[in-house]
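# Architecture and fold: a report
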Amino acid sequence: EDYKQIAYLIENKKNERVRFCWEDNDDEYYFEFIIRSNSLTGDNALIIVDFADDEDDKEDAIKLWEKQVSKLQSILGS
């Protein structure tokens, strides 16, 4: 919705992954985006890694990332 959080970049491996940490957490809890490519099929996969403290947080995080990926797919036309 209109809720915003600030994250900072803690790792960047070009064409492989980026890792961020939320401003109010230590580097132990991060989220990252990993790109995997299949050279045989030419397919690409986006893998999202995130951490949750409990089951409710886990469900909220899943919903958040599903919504964000859906927006990304819409923008990319896929």
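## Structural notes on the overall build of the protein
Secondary structure assignment for the protein yields 1 helix and 4 strands. Counting only C-alpha atoms, the protein reaches 40 × 25 × 25 Å along its principal axes. Taken over 78 residues, the protein has a buried fraction of 12%. Long-range contacts, defined here as pairs at least 24 residues apart, represent 6% of the contacts in the protein between residues at least 6 apart. Accessible surface, the protein as shown: approximately 6700 Å² in total, 48% of it carbon and sulfur.

## What to know about a negative patch on the surface
A grouping of Asp53, Asp54, Glu55, Asp56, Asp57, Glu59 and Asp60 is seen on the molecular surface, where their side chains present a negatively charged patch. If you trace the backbone, Asp60 turns up in helix H1 (residues 55–76). Asp60 gets classed as partly exposed once you look at its relative accessible area, which sits at 48%.

## Let's talk about the confidence of the model for the protein
In the predicted model, the protein carries a mean pLDDT of 89, and 97% of its residues have values of at least 70. Summarising per-element confidence for the protein, the mean pLDDT is lowest in H1 (91) and highest in strand S1 (residues 7–13) (94).

## Concerning the layout of surface pockets
A volume near 1000 Å³ is recorded for the largest pocket. Ranked by the residues each element gives to the lining of the largest pocket, the list is headed by H1, at 11 residues. Residues of the lining of the largest pocket, tallied by class, amount to 15 nonpolar, 3 polar and 10 charged.

## Some words on the sheet that holds strand S4 (residues 44–49)
One open sheet holds the 4 strands; their spatial order is S1-S2-S3-S4, and the pairing between them is antiparallel. Looking at strand neighbours, the two that pair on one side only are S1 and S4, the edges of this open sheet. Direction aside, the axes of adjacent strands within the sheet are offset by 15° on average. Pairing of S1 with strand S2 (residues 17–22) involves 6 bridges; the strand directions are antiparallel. Following the sheet pairing, Ala7 is matched in S2 by Trp22. Against the sheet, H1 contacts strand S3 (30–37) and S4, and its axis sits at roughly 150° relative to S4.

Cut-off values and rules
- Residues numbered from 1 in each chain as written.
- Predicted model: local features only at pLDDT ≥ 70, side-chain atom pairs only at ≥ 80, totals over all residues.
- Heavy atoms only, no water.
- Helix = DSSP H or I, 4+ residues; strand = E, 2+ residues; numbered from the N terminus.
- Buried < 20%, exposed > 50% of the residue type's maximum accessible area, 1.4 Å probe, protein only.
- Contact = heavy atoms within 4.5 Å.
- Areas by Shrake-Rupley, 256 points an atom, 1.4 Å probe, with all protein chains shown as cover.
- Patch = residues over 30% accessible without salt bridge, like charges linked within 9 Å, V, L, I, M, F, W, Y side chains within 5 Å.
- Salt bridge = Lys/Arg side-chain N within 4 Å of Asp/Glu carboxyl O.
- Lys, Arg positive; Asp, Glu negative; His and termini not counted.
- Charge placed at Lys NZ, Arg CZ, Asp CG, Glu CD.
- pLDDT = per-residue confidence, 0-100.
- 1 Å grid on protein atoms, 1.4 Å probe; cavity = no way out; pocket = protein on both sides within 12 Å on 5 of 7 lines; lining within 4 Å.
- Points joined across faces, edges and corners; volume = space filled by probe spheres on them.
- Nonpolar A, V, L, I, M, F, W, Y, C, P; charged D, E, K, R; others polar.
- Pairing = 2+ DSSP bridges.
- Axes fitted to C-alpha atoms, helices over the stretch in contact; angles between N-to-C directions.

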